[in-house]
Amino acid sequence: MSLGPAGASLNPKQAQNFEDMEKQFAVKAVQHMTTYWAILEKMKGSNLRLTKMDDEIYEHFKKEFPEFDLKETIDEDKMKSKEGKEKWRNFMMTYEKTVDDYNFGTMLRSNPRFEYGERETIFAMRMQFYAIEIARNRAGLNDWIYEQAHPNEDSNKT
């Protein structure tokens, strides 16, 4: 969804149909969220690639955020603090020219043990979603979603 030429600023008071743009954003964010969940129900996260650059994103995330505990609930206040925003901004800008919609808003589960829900979902940038979900998938933290959707399959099969 383009709001104008690159580098142009958007003045909400002058924007026509601003409410429609907000609705379109919400629809796109929900579509992304439901599509990702549907994929995790069809394939174990540990076998999933989200981008062509998963390996690079994963290594970069581990290097820049070594203290990030993938199993715990994301501290949204820390992530959105002045320091957190700056650290994430620097991380994301690396992908400005290589990942489509790198700074587009999306929904992110705050904890890998729960489904998307009002209390379990936070607003994040697409690169935050990619970095965190790629790492969760590599750690096998999203495999439970597939296993829950396929209860009769033997999860010990190789």
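In this text, all values refer to a predicted model and were calculated from it rather than measured experimentally. (Residues numbered from 1 in each chain as written. Predicted model: local features only at pLDDT ≥ 70, side-chain atom pairs only at ≥ 80, totals over all residues. Heavy atoms only, no water.)

## With respect to the packing of aromatic side chains
Turning to step 1, where the next piece is worked out: Under the definition given, this model contains 12 aromatic pairs.
Turning to step 2, where the next piece is worked out: A ring pair is formed by F61 and F91, whose centres lie 6.5 Å apart and whose planes are at 75°; its orientation type is edge-to-face. Placement of F61 in helix α2 (residues 54-64) and of F91 in helix α4 (residues 82-93) is noted, with a sequence separation of 30 residues between them.
Turning to step 3, where the next piece is worked out: For F61, a relative accessible area of 2% gives the class buried.
Turning to step 4, where the next piece is worked out: Residue F91 is classed as buried on the basis of its relative accessible area of 2%.
Turning to step 5, where the next piece is worked out: If you follow K28 out to its NZ or CZ, it ends over the ring of F104, 4.7 Å from the centre.
Turning to step 6, where the next piece is worked out: Cation over ring: R109 sits above Y116, and NZ or CZ is 5.9 Å from the ring centre. (Phe/Tyr/Trp six-rings, centres within 6.5 Å; stacked < 30°, edge-to-face > 60°. Helix = DSSP H or I, 4+ residues; strand = E, 2+ residues; numbered from the N terminus. Buried < 20%, exposed > 50% of the residue type's maximum accessible area, 1.4 Å probe, protein only. Lys NZ or Arg CZ within 6 Å of the ring centre and 35° of its normal.)

## Brief notes about the pattern of salt bridges
Turning to step 1, where the next piece is worked out: For the structure shown, the criterion picks out 11 salt bridges.
Turning to step 2, where the next piece is worked out: Here D55 and R49 are joined by a salt bridge, their closest N and O atoms 3.5 Å apart.
Turning to step 3, where the next piece is worked out: Given the relative accessible area of 42%, D55 is considered partly exposed.
Turning to step 4, where the next piece is worked out: Its relative accessible area of 46% is what places R49 among the partly exposed residues. (Salt bridge = Lys/Arg side-chain N within 4 Å of Asp/Glu carboxyl O.)

Honestly, it's all geometry; don't read function into it.
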